[in-house]
Amino acid sequence: MRIAGAALNQIPIDWENNLRNIRTAIELAKESGVELLCLPELCLSGYGCEDLFLSNWMPEAALAHLQQVRAWTQGICVVVGLPVRLNHRTYNTAAVLRDGEILGFAAKQFLANDGVHYETRFFVPWLAGETTTVTCDGETWPLGDLTFEHKGVRFGFEICEDAWRPNNVRPACRLMGKVDLIVNPSASHFAMSKTDVRYQLVMKASRTFNCTYLYANLLGNESGRIIFDGEILVARNGHLLVRNQLLSFKEVDLESIDVDFATELAPAVDIVPLPAPDEYKELNQAMSLGLFDYLRKARSRGFVLSLSGGADSCFCAVGVAEMVRLGVEELGLELFKQRSGCFPNTETVVKQEGAGGKAEQQVEAAPATTAASPLTDNQQLVRQLLTCAYQGTVNSSDDTFNSAKELADSLGARFHNWTIDEEVTGYVGKIQGALERELTWKTDDLALQNIQARVRAPAIWLLANVQNCLLITTSNRSEASVGYCTMDGDTAGSISPIAGVDKDFVKKWLRWAEAELGYAALRHVNALQPTAELRPLEDKQTDERDLMPYTLLNRIERLAFYDRLSPKQVLAMLEGEGTGFDEEQLKTYVRRFYSLWSRNQWKRERYAPSFHLDDYNVDPRSWLRFPILSGGFSEELAGL
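Residues numbered from 1 in each chain as written. Predicted model: local features only at pLDDT ≥ 70, side-chain atom pairs only at ≥ 80, totals over all residues. Heavy atoms only, no water.

Colleague: I would appreciate a short explanation of a nonpolar patch on the surface in the present structure.
Modeller: There is a patch of nonpolar side chains on the surface, built from Trp-602, Ile-628 and Leu-629 and spanning about 340 Å² of accessible area. Checked against the element boundaries, Trp-602 lands in helix H20 (residues 601-606). For Trp-602, a relative accessible area of 36% puts it in the partly exposed group. (Patch = residues over 30% accessible without salt bridge, like charges linked within 9 Å, V, L, I, M, F, W, Y side chains within 5 Å. Areas by Shrake-Rupley, 256 points an atom, 1.4 Å probe, with all protein chains shown as cover. Salt bridge = Lys/Arg side-chain N within 4 Å of Asp/Glu carboxyl O. Helix = DSSP H or I, 4+ residues; strand = E, 2+ residues; numbered from the N terminus. Buried < 20%, exposed > 50% of the residue type's maximum accessible area, 1.4 Å probe, protein only.)

Structure representation (structure tokens):
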């Protein structure tokens, strides 16, 4: 039998988009002679519908839309994921359709409830061995712990999280010997190095349960924060049969393979490991796809960036350029332009701040700009998609200006340069008049730093709004942990693509991008110490002098909130790891971290949506929740 998996780039409750991709996948499968096709988890409704799963109308709408899919399944067996609501409970199911009929619904038995997932809020787990029925428009079908048969091949289900449970409780342990094929429709989020774990999971399952295992994952930035890599895997008794290229810019990515179920399984083998993951390359591909999907699904016309010349803003600028390079490389120039939705001469677009907004207006495409030398096709695309501005003050250096200007020019981005000293002076003068005293660096250091960052926001927002573009926020995870940012200043924006990545990784990635991707202009930022440039230049301000070494900050953060250790336990771990700091200095840094963390949760609550790229992040909407008001670890820190 020829079996296939298809990765789909879906959108929550965008029935037209989702049905179109489902139909495309079925048509591609039929053209390839596929007899059984697995589509991803909840691909009909979208995985990221959140509390809409708790409504009655949305699951009902999904079941009604499933009826459209029936006509497309003549001559093929298709698995389609959707929510089903029974007796005020919502279940995560996979519908099996064949020849225009619905054969039944397999229900998910284990729910993901850690990290980025909150499935137990939306769904009820199905009990092993239980079945019931679901009715729509006078027709009734079985639902529950079901197995199916197609052309003599018996198959059953694990739905995403089902496969991540121990072998003695997961559905596969009860399917062993009863089925030839286990089908797994998934919505498994991207994180760096995770694909190796998932590969091992599928390979070992096929060997342990003596079967063929078919796995198909969602694809793309589906709903804003979470990116899916679209992995398709087929394994048989420990042998890899198919594995696709991940993080595709396609809307539908299909892989098929012929499996002879009539022959004996080949002897089980030792599983061949994948090559060591290249996390710099993985992140580059994921962020590029995440930006592309966010751009087109938000119906925006491009990005605006306050390009300071520092590490974070340079990373974001190169991220947009890589979005263009990788997208054009896979889709071709014309399809990339068409898919992005940014390049028609005139069209009605949604004017928005962030991903909301409802006002519509007619917008003309940006005119081509004459450059000193001819731009490449990719540079011309970047020029229309990315506008940068260097907003200098008396505290800004020539080093950061040169870094910003040369990078923007090399990418092809539009570049503006203006100063904000006049605005800063105006605000400072108002407050000095109100308080009847002078504001000085000795008495008002943080306030004078913050007003510079905050004054930059209105102009860059105006530029973004005028061009109907998304404003990129450049904060990283290390800054978010300790609140090293200015609310309504450098945190202002519609999307924060690197807020899930720590500062040390940002610095290493930029060196990799200069050496491996050929962005020579990054030599400037790679030679600089990270600095906010908010104090007078003679102060020689650096981030690490304000805070602590970033490598140590990142280590404390991980021990505290990934490993969930107490301050005393964190200190003990650091003392045993040979950090190079004495005990008193480590105590100072641990106290500083926890104190800054506690008082800055309100900032993390207000950050622009960020991508989940690492194995954890500090976004309270997608990984880590913490009270805005707390005791601030006062007793625990005193105990040090």
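Colleague: How should I be thinking about the pairing of strand S10 (residues 181-186) in this particular structure?
Modeller: Consecutive side chains along a regular strand alternate between the two faces of the sheet. Burial of S10 is extensive: 6 of the 6 residues sit out of reach of the surface. Going residue by residue along S10, you find Leu-181, Val-183 and Pro-185 tucked away on one face and Ile-182, Asn-184 and Ser-186 tucked away on the opposite face as well. Taken together, the 3 bridges between strand S9 (residues 153-157) and S10 define a ladder with parallel strand orientation. Pairing of Gly-156 across the sheet is with Ile-182, part of S10. Pairing between S10 and strand S11 (residues 212-217): 6 bridges, direction parallel. Bridge pairing in S11 places Val-183 opposite Leu-214. (Pairing = 2+ DSSP bridges.)

Colleague: Is there a simple way to think about the sheet that holds strand S20 (residues 386-392) in this case?
Modeller: Sheet strands pair by backbone hydrogen bonding; their relative direction is either parallel or antiparallel. Taken together, the 4 strands give an open sheet; going across it, the order is S21-S20-S17-S22, and neighbouring strands pair in parallel fashion. Each edge of the open sheet is held by one strand with a lone partner, namely strand S21 (414-419) and strand S22 (470-472). Each adjacent strand pair in this sheet contributes to an overall mean axis angle of 25 degrees, direction not counted. Against the sheet, helix H9 (residues 377-385) contacts strand S17 (303-306), S20 and S21, and its axis sits at roughly 60 degrees relative to S20. Strands S17, S20, S21 and S22 of the sheet are contacted by helix H12 (residues 445-466), whose axis makes an angle of about 160 degrees with S20. (Axes fitted to C-alpha atoms, helices over the stretch in contact; angles between N-to-C directions. Contact = heavy atoms within 4.5 Å.)

Colleague: I would appreciate a short explanation of empty space enclosed by the protein in the present structure.
Modeller: Empty space among the atoms can be located by rolling a probe the size of a water molecule over them. As enumerated under the stated definition, the model contains 1 cavity of 30 Å³ or more in all. Roughly 50 Å³ of volume is contained in the largest cavity. Ala-480, Ala-499, Arg-604, Tyr-607, Ala-608, Ser-610, Val-618 and Asp-619 together form the lining of the largest cavity. Residues that form the lining of the largest cavity fall into these classes: 5 nonpolar, 1 polar and 2 charged. (1 Å grid on protein atoms, 1.4 Å probe; cavity = no way out; pocket = protein on both sides within 12 Å on 5 of 7 lines; lining within 4 Å. Points joined across faces, edges and corners; volume = space filled by probe spheres on them. Nonpolar A, V, L, I, M, F, W, Y, C, P; charged D, E, K, R; others polar.)

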